[in-house]
Amino acid sequence: MKAEQQKRLTLSDIALLAGVSKTTASIILNNRGDDFRIKAETRQRVREVAQQYGYRANAYAKALQARKTNVIGMVIPDLTNYGFAQTAKTLERLCRENGLYLVITCSDDNPAQEKVAIERLLDRQVDLLITAPTHTIADYYQDILQHTPLLLLDRYIPNSGIPSITSKDIPSVAMLVENIVRAYQLDEFFYFGGQLSLTPSENRLKGFREGLAQSHLVEQSGWILHKDYQPESGYQMLAETVKNLGRLPKAIFTASYTLLEGVMRYLTEHKLMDKLMSQELHLATFDDHHLLNALPFHIHSIKQDHEIIAQQTFAILKEKLNHQESQSAQVDCEIIWRR
């Protein structure tokens, strides 16, 4: 039989049990007993009662008095996304080491869910909000800025004036695509991307097209496909391409590692992995993972520096909390060419 959970006691309850006033209990539990010359035995009695009943101070009440919570809210599209997870891990450590608490929630890249996640964080009186915006309509985010500092991660909203931390994806994608076309003398190259309404999608597609142009490969109808950044979308886009061509394409660039996961699952399920070994199919992706180094075939990639992204985010975060001017930051990417 389960033991009944004890009712959570209030400060008034603790004061009553310890035989002191609510004010005295509050002073002691906020470690200010010495300032008010409260007797040592009284302080000990109050603390023992608080410990016995598992009393916790009301963080929201304390935050209301101090006008800060030391809590940072963060909304990311997908908790399983390797890039966002790496950034969040480093940022959480930086916050923790500096007396701040990072609370992370997920939007599923859905504007309605992002709004719900943001509203719940704002209800908890976060001192600053970080989000990877799910659309480029500035009005909602501008409303948040009226009462809470805001940073945009991985994505930006043009002409909004809201600071953002992004990667320099256009030139890196262009260079990788050009090198692949020239190295393998390709006459065909497919692009699998996420939601075109998102700025990273626009930039990575722009970089892809610049790479084609620089290599003098003329884009053909049907080479560009878009869905979202879920692995299933990578699977579906390759299935659609194979159906239309009657064969595998000669080369694919996926705009995220999650889309590459879907492509790899399709190849595995249809027993087509040997096409990578024989280089009848060439793969490249934006984002990187250490597992790509362990494969018996080559998948070239563009690596974002998530450590630097987190550090830049934290630097701007501190500026915002100190009411200083802050500028957007762009972080270089590294091309990983596997031979």
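The paragraphs below set out a description of the structure included in this document. (Residues numbered from 1 in each chain as written. Predicted model: local features only at pLDDT ≥ 70, side-chain atom pairs only at ≥ 80, totals over all residues. Heavy atoms only, no water.)

1. A short note on the pairing of strand E10 (residues 299–304)
The element E10 is extensively covered by neighbouring structure, given that five of its six residues are classed as buried. As paired elements, strand E9 (residues 282–286) and E10 share four bridges and run parallel to each other. The residue of E10 that forms the bridge with Ala284 is His300. Pairing of E10 with strand E12 (residues 333–336) involves four bridges; the strand directions are antiparallel. When the bridges of E12 are listed, Lys303 appears paired with Glu334. (Buried < 20%, exposed > 50% of the residue type's maximum accessible area, 1.4 Å probe, protein only. Helix = DSSP H or I, 4+ residues; strand = E, 2+ residues; numbered from the N terminus. Pairing = 2+ DSSP bridges.)

2. Points about the state of the cysteines
Inspection of every chain in the model, using the stated rule, returns zero disulfides. No disulfide involves Cys106; its sulfur sits 18 Å from the nearest other cysteine sulfur, which is in Cys95. (Disulfide = S-S within 2.5 Å.)

3. Quick word on the pattern of salt bridges
As enumerated under the stated definition, the model contains 18 salt bridges in all. In this structure, Arg247 engages Glu188 in a salt bridge whose closest nitrogen and oxygen atoms are separated by 2.8 Å. Of this pair, Arg247 sits in the loop between helix H10 (231–245) and strand E8 (251–254) while Glu188 is found in the loop between helix H8 (169–184) and strand E6 (190–193), placing the two residues 59 residues apart along the sequence. A relative accessible area of 8% means that Glu188 is categorised as buried. A network of salt bridges, in which partner residues are shared, links Asp109, Asp154, Arg155, Asp169 and Arg204. (Salt bridge = Lys/Arg side-chain N within 4 Å of Asp/Glu carboxyl O.)

4. Concerning the sheet that holds E10
With mixed pairing, six strands are arranged side by side in an open sheet as E7-E6-E8-E9-E10-E12. Edge positions in the open sheet fall to strand E7 (224–226) and E12, since each of these has one partner strand only. Taken pair by pair, the neighbouring strands of this sheet meet at an average axis angle of 15 degrees, ignoring direction. Those strands touched by H8 are E8, E9, E10 and E12, and its axis lies near 165 degrees from that of E10. Of the strands in this sheet, E6, E7 and E8 are in contact with H10, which crosses E6 at around 150 degrees. (Axes fitted to C-alpha atoms, helices over the stretch in contact; angles between N-to-C directions. Contact = heavy atoms within 4.5 Å.)

5. Quick notes on the nonpolar core
In this structure, Phe189, Leu238, Phe253, Leu267 and Leu283 are the most contacted members of the largest nonpolar core, which totals 45 residues. Per element, the largest residue contribution to this core is seven residues, and it comes from helix H11 (residues 257–269). For Leu238, the contacting residues outside a window of four places in its chain are Phe192, Leu248, Pro249, Ile252, Val263, Tyr266 and Leu267. One finds Ala88, Leu91, Leu153 and Ile316 within the second-largest nonpolar core, a separate group that totals 23 residues. (Core = buried A, V, L, I, M, F, W, Y, C linked by side-chain atoms within 4.5 Å.)

6. Some details on the sheet that holds strand E1 (residues 71–76)
Ordered in space as E2-E1-E3-E4-E5-E11, the six strands form an open sheet in which the pairing is parallel. What marks the edges here is a single partner per strand, and that holds for strand E2 (101–106) and strand E11 (329–331). Each strand of the sheet is rotated relative to its neighbour by a mean of 20 degrees, with strand direction disregarded. Pairing geometry for strand E3 (residues 128–131) and strand E4 (residues 150–153), over three bridges, is parallel. Of the residues in E4, the one forming a bridge with Thr131 is Leu152. Docked against the sheet, helix H5 (residues 82–97) engages E1, E2, E3 and E4, running at close to 160 degrees with respect to E2.

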